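Examination of the molecular architecture
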Amino acid sequence: MKAISLRSRRLRGAVGVFTAGLCAGGVAGILLLILGYVIREGIGAISIGFLTQVPHPIGVPGGGVANGIVGSAIIVGIAALMAIPIGSLTGVYLTHFGRGSFCSAVRFLSDVLSGIPSIAIGLFAYTVLVAPLGHFSAFSASFAFAILMLPVIITTTENAIRGVPHEVYEAALALGVPRHSAITRIILPSARSGIITGIVLAMARVTGETAPLLFTAFGSQFWELNPNNPMAELSLQVFTYAISPYRSWHEQAWGGALILIFMVFVLNIGARVVLKPKFRS
Amino acid sequence: MESSRDNQPSPDSGLPAKPQIGGEATLAGMVESPAFEQPVRMPKVAAGTAFDALVHGSTLVFLALVLGLFVELLWSSRQSISTFGFSFLWTSEWNPVTSKFGALPFVYGTVVSSAIAILLAGFTGVMSGAFLAEFCPPRLSQVLGLLIELLAAVPSVVYGLWGLFVLAPLMRVYIEPFLQSWFGFLPIFSGAIYGVGMLTAGVILAIMIVPTVTAISRDAMAAVPQSQREAVWALGATRWQGFRMAVLPGARAGVFGACILALGRALGETIATTMVIGNRPAISASLFAPGYSISSVIANEFTEATTQVYLSALIELGLLLFVISVIVNGVARLLLWKVFTTTGAQ
């Protein structure tokens, strides 16, 4: 290597570190920029009526996204009910049951599944639930969301269980506790907050998803609580309003986006800040 | 776990410790946590079998879902596959009226917009990751790290909304005319300016995937052993040289994996792309021109598809997206696994 003077090396270092700092600052700055813009535009649209009413027909002032907020909660809730048992038990399989290449294959598939575009999973839900039943439904959206949640829950469950010292498990077995009791009564309770963090993060992820809903939940202008029917969902409402040609709907889209960001951030920060320290202690 | 009345020990339950000992065993003295203070009652063997069955069953359900996803997409697109064969991939006519379907404009749009995204986000993300892992105080690194991870959590419809109403006008009025005035002789920066188009889609995708690149390359760099840095510093290297000579080579596979993983995200992103790419099924040399992507044509046309072969062609696009992302993510995960298991990090 050619000798370079210290001065020049220091200069290059300063330039390099400065560039790196600029990049990191820029990326964080973009978040603040987008967040600030959504708050500025959205805060004006939010009112009591916006949070409690269903959409009004175009031309009629007022109206809100209450049905979308409730719809999001229902769809994500049902998805969580489906994904939690399957995901966490598969996580248990990976730590305590599976061995060798089959176990690695399951883990690999879970990792790959986390990168499959949500729209492809929406198509799957369409072909197995919507097309055979002949109608759009909130339940089919939950099915798609459950598949999207699975990889997150599987990975975090596995990591949370691996965080519990193996000696604890061995001690239980040595005392004659059967394997299933050792897992359900000792390992899982110890790993609980880690698993809950994963579940909440998975819920945050799907709350912001829109693509699969286009041909599963489909959206609705009315109050709808029956999961067997098409249902409104907040992110879908934001999408529909945003690409519409009406100015009043654009304003509502910003309002909806603000509520959506708020919901996703509460879930995310909640999972990271509130639950994680408990898990570490 | 519910214990059944059945007392017969199951012959195939491979339990390490058969619960033949009656009565109760307590683990309270072992671990000081409320969870352990209750006595552990010895359930019947059948409960163990049931738990085994549940765990294995869940894993099988998971595998069936992943396999079913592929099989179902393949099966539902059979009509399109048998009608168009491989020409589906390289013909560019997309005409529902005459039932002629070719995916080339969409493949082009997906590839070009994702390529722009990874070009912009790759360098920025790796440099941000380097700053967080190597050059900034831990406290600042945590704050910036949290911000960047939140950037990853922003719903894509919000990015789309911002892209449509803020970024697209900005591109139309300032950035694209600027590029055209300086580099207009290049075909990619020539032609009419619309605001929405391939370049805008690429920029939005870049913003969406940069947190992935940042977070994973930061972790990969942090996983490089400290002794490697110290060795280079001891030879008189500056912090920056230490980064270039020790950290970056050590984290190369991880950084590469991060970029491929982010590329996978960009390829499949739907809603934000749909809102800013322009949605015109044409292949044009100019990046300012509107385009179309695989995912956005599915999003826009699926519920309006009237004929079986139309629907089938759209599902085949979904299958194409699925196959591409399995390959891309598979490669990325293999790279990342190697990095994070050999260095002993998580």
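1. As for the overall build of chain A
- Tallying secondary structure elements over chain A gives 11 helices and 0 strands in all.
- For chain A, the α and β elements follow one another from N to C terminus as α-α-α-α-α-α-α-α-α-α-α.
- A compact globule built from 281 residues would reach a C-alpha radius of gyration of about 19 Å, whereas chain A, at 24 Å, exceeds it by more than 25%.
- In terms of overall dimensions, chain A has C-alpha extents of about 70 × 65 × 35 Å along its principal axes.
- With 281 residues in all, chain A has 55% of them scored as buried.

2. Re the environment of Ile-216 of chain B
All names here are of chain B.
- When you line up the elements, Ile-216 lands in helix H8 (residues 198–222).
- Judged by its relative accessible area of 17%, Ile-216 is buried.
- Every residue in contact with Ile-216, bar those within four places of it in the chain, is listed here: Gly-254, Ala-258, Leu-261, Leu-336 and Phe-340.

3. Let's talk about the domain arrangement of chain A
Residues and elements named next belong to chain A.
- In terms of domains, chain A is made up of domain 1 (2–45) and domain 2 (50–280).
- A straight line from the C-alpha centre of domain 1 to that of domain 2 covers 33 Å.
- Of the residues lining the interface, 9 residues belong to domain 1; the matching set on domain 2 comes to 8 residues.
- Counting each side, the surface lost to burial between domain 1 and domain 2 is near 710 Å², with a carbon and sulfur contribution of 88%.
- Of all residues in domain 1, Leu-35, Val-38 and Ala-45 bury the most surface against domain 2, accounting for 58% of the area lost on that side.
- Each residue belonging to the side of domain 1 that touches domain 2 can be placed in one class, and the counts come to 7 nonpolar, 1 polar and 1 charged.

4. What about the side chain of Ser-244 of chain A?
- When you line up the elements, Ser-244 of chain A lands in the loop between helix H10 (234–242) and helix H11 (247–280).
- With residues near it in sequence (within four places) discarded, Ser-244 of chain A still touches Trp-249 and His-250 of chain A.

Rules used in this analysis
- Residues numbered from 1 in each chain as written.
- Chains lettered and ligands numbered in written order.
- Predicted model: local features only at pLDDT ≥ 70, side-chain atom pairs only at ≥ 80, totals over all residues.
- Heavy atoms only, no water.
- Helix = DSSP H or I, 4+ residues; strand = E, 2+ residues; numbered from the N terminus.
- Rg over C-alpha atoms; globule rule 2.2 N^0.38 Å.
- Buried < 20%, exposed > 50% of the residue type's maximum accessible area, 1.4 Å probe, protein only.
- Contact = heavy atoms within 4.5 Å.
- Domains from an automatic or database assignment.
- Buried area = accessible area lost by both parts, 1.4 Å probe.
- Nonpolar A, V, L, I, M, F, W, Y, C, P; charged D, E, K, R; others polar.

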